[in-house]
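# Examination of the molecular architecture
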Amino acid sequence: MKSHKLVGTGPLKVLLFPGLLGTRDSFDDMLKYADTDAFQYAVGEYRGYGQSRAEPGLMTLREIVLDAVRTIEFLGWTELAVVGHSLGALVAQMVAVAMPQRVKTIVSIAGLSARGADADMQRLAFMGEAAVSHEKRETLFRKGTADRYSVAAARAVVAESFDSISPAAFESYARDASATDISDEVRGLSAAVLALIGEHDPNCTERLAKETTLSFFRKAELEVIAGAGHYPMIEAPLQTVAALERFVAKASQGSIGMERSKHATE
């Protein structure tokens, strides 16, 4: 990950992975409210995205993991939390598998489970269209937020990153996520895991998280972000960063329990 940015100077290290629609700027709304004295965040950027748009590569999730490992080594981080949104949550879990001694905490924000994405052909065809279409990406955002916002809001969110994302990279990562299943590999991890679920997310639901992520990991919790859909870091940035930081700080003190569910309020 040649392109990444650092936020904060704290001793608790967090590596952030965006979703398909996001560049390294996709967590900016949330990070405005981060405790930068206690935490240091590195936001990664995938090949084909943002300042790495012209970076050649295979455009696979495993390549992202290799780039992330190089970034961690470059930063000199010996312990860290990995946090991912949507597809980025699957990447975060893959990094934890690759570096189990260093990754102490995993936070999934409306994230794919270790089973990866749905391999349904209709979905894959739609993602191929979304790679080149403003309208299809706007549909992704609107469906992910249960159509609770205006068309103008969806247009604005998509426009922020559309020209910064290579269509080939977008489609390649989407397809690779549907072909990736690391559910057997994560079962042996000792990392503490938090599944953050948006209250109105129609796909990454509380029920699904309990059936997958909370059953895969030995130390896992679930928290619902009230008022949010599939993009909690945009829709509810204060609640999202607060939940993340509470969990990472608690995990660093070794006080994470098993499968406790709670709700964050606005």
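Check the entry above for the structure.
In this text the structure is predicted, and so the values were computed from the model without any measurement. (Residues numbered from 1 in each chain as written. Predicted model: local features only at pLDDT ≥ 70, side-chain atom pairs only at ≥ 80, totals over all residues. Heavy atoms only, no water.)

When helices and strands are tallied, the protein chain shows twelve helices and eight strands. Whereas a compact globule of 266 residues would reach a radius of gyration of roughly 18 Å, the protein chain reaches 17 Å, a difference of no more than 12%. Counting over 266 residues, the protein chain shows a buried share of 57%. Within the protein chain, contacts between residues separated by at least 24 positions form 79% of all contacts whose residues are at least 6 apart in sequence. In the structure as shown, the protein chain presents an accessible area of about 11200 Å², 50% of it carried by carbon and sulfur atoms. Computed over 29 positive and 34 negative side-chain charges, the separation of the two mean positions in the protein chain equals 3 Å. (Helix = DSSP H or I, 4+ residues; strand = E, 2+ residues; numbered from the N terminus. Rg over C-alpha atoms; globule rule 2.2 N^0.38 Å. Buried < 20%, exposed > 50% of the residue type's maximum accessible area, 1.4 Å probe, protein only. Contact = heavy atoms within 4.5 Å. Areas by Shrake-Rupley, 256 points an atom, 1.4 Å probe, with all protein chains shown as cover. Lys, Arg positive; Asp, Glu negative; His and termini not counted. Charge placed at Lys NZ, Arg CZ, Asp CG, Glu CD.)

Time to look at the pattern of salt bridges. Overall, the coordinates contain 15 salt bridges when judged by the stated rule. Where E221 meets K250, a salt bridge forms, and the shortest distance between an N and an O atom there is 3.5 Å. Of the two residues, E221 sits in strand β7 (residues 219-225) while K250 sits in helix α12 (residues 237-252), which places them 29 residues apart along the sequence. For the pair E221 and K250, a shared accessibility class is recorded, and that class is buried. Salt bridges here are not isolated pairs; linked through shared partners, they connect R47, E63, D67 and R70. (Salt bridge = Lys/Arg side-chain N within 4 Å of Asp/Glu carboxyl O.)

Core analysis: the largest hydrophobic core is formed by 83 residues, its most contacted members being F17 and Y173. Looking at this core, the element that brings in the most residues is helix α3 (residues 87-98), giving seven residues. (Core = buried A, V, L, I, M, F, W, Y, C linked by side-chain atoms within 4.5 Å.)

Across all of its chains, the model carries six aromatic pairs by this definition. With a centroid separation of 5.7 Å and 65 degrees between ring planes, the pair formed by Y46 and Y173 is classed as edge-to-face. Taken together, the residues Y46 in the loop between β3 (39-44) and α2 (61-75) and Y173 in helix α7 (residues 167-178) connect sequence positions 127 residues apart. Comparing Y46 with Y173, the two get one shared label, buried. (Phe/Tyr/Trp six-rings, centres within 6.5 Å; stacked < 30°, edge-to-face > 60°.)

This brings us to the pairing of strand β2 (residues 12-17). For a regular strand, side chains alternate in direction, first toward one face of the sheet and then toward the other. Examined bridge by bridge, β2 and β3 share five bridges and lie parallel to one another. Along β3, the bridge assignment pairs K13 with Q40. Note: β2 against strand β4 (residues 80-85), four bridges, orientation parallel. Residue pairing in the sheet places F17 in a bridge with G84 of β4. (Pairing = 2+ DSSP bridges.)

Looking at the secondary structure, you find R137 in helix α5 (residues 134-144). Between the C-alpha atoms of R137 and A154, which are 17 residues apart in sequence, the distance is 8.5 Å. In this structure R137 touches L21, A130, A131, V158, F162, I165 and F170, once residues within four positions along its chain are discounted.

Examined against the element boundaries, S86 turns out to sit in the loop between β4 and α3. Once the C-alpha coordinates of S86 and S108 are considered, the two residues, 22 residues apart in sequence, prove to be 7.5 Å apart. Excluding its chain neighbours within four sequence positions, the residues that come into contact with S86 are G19, I109, A110, G111, L112 and H230.

Here we take up α12. With 16 residues, α12 extends 22 Å between its outermost C-alpha atoms, agreeing within 8% with the 22 Å of an ideal straight helix rising 1.5 Å per residue. Of all the positions in α12, only P237, Q239, T240, V241, A243, L244, E245, F247, V248, K250 and A251 are classed as buried. (Expected span 1.5 Å × (residues − 1).)

In this structure, the largest pocket encloses a volume near 1400 Å³. Taken together, the elements giving at least two residues each to the lining of the largest pocket come down to α1 (28-31), α4 (121-130), α5, α6 (151-161), β6 (192-198), α9 (206-211) and α11 (232-235). With five residues, the single largest contributor to the lining of the largest pocket is α6. Considering only residue class, the lining of the largest pocket consists of 22 nonpolar, 17 polar and eleven charged. (1 Å grid on protein atoms, 1.4 Å probe; cavity = no way out; pocket = protein on both sides within 12 Å on 5 of 7 lines; lining within 4 Å. Points joined across faces, edges and corners; volume = space filled by probe spheres on them. Nonpolar A, V, L, I, M, F, W, Y, C, P; charged D, E, K, R; others polar.)

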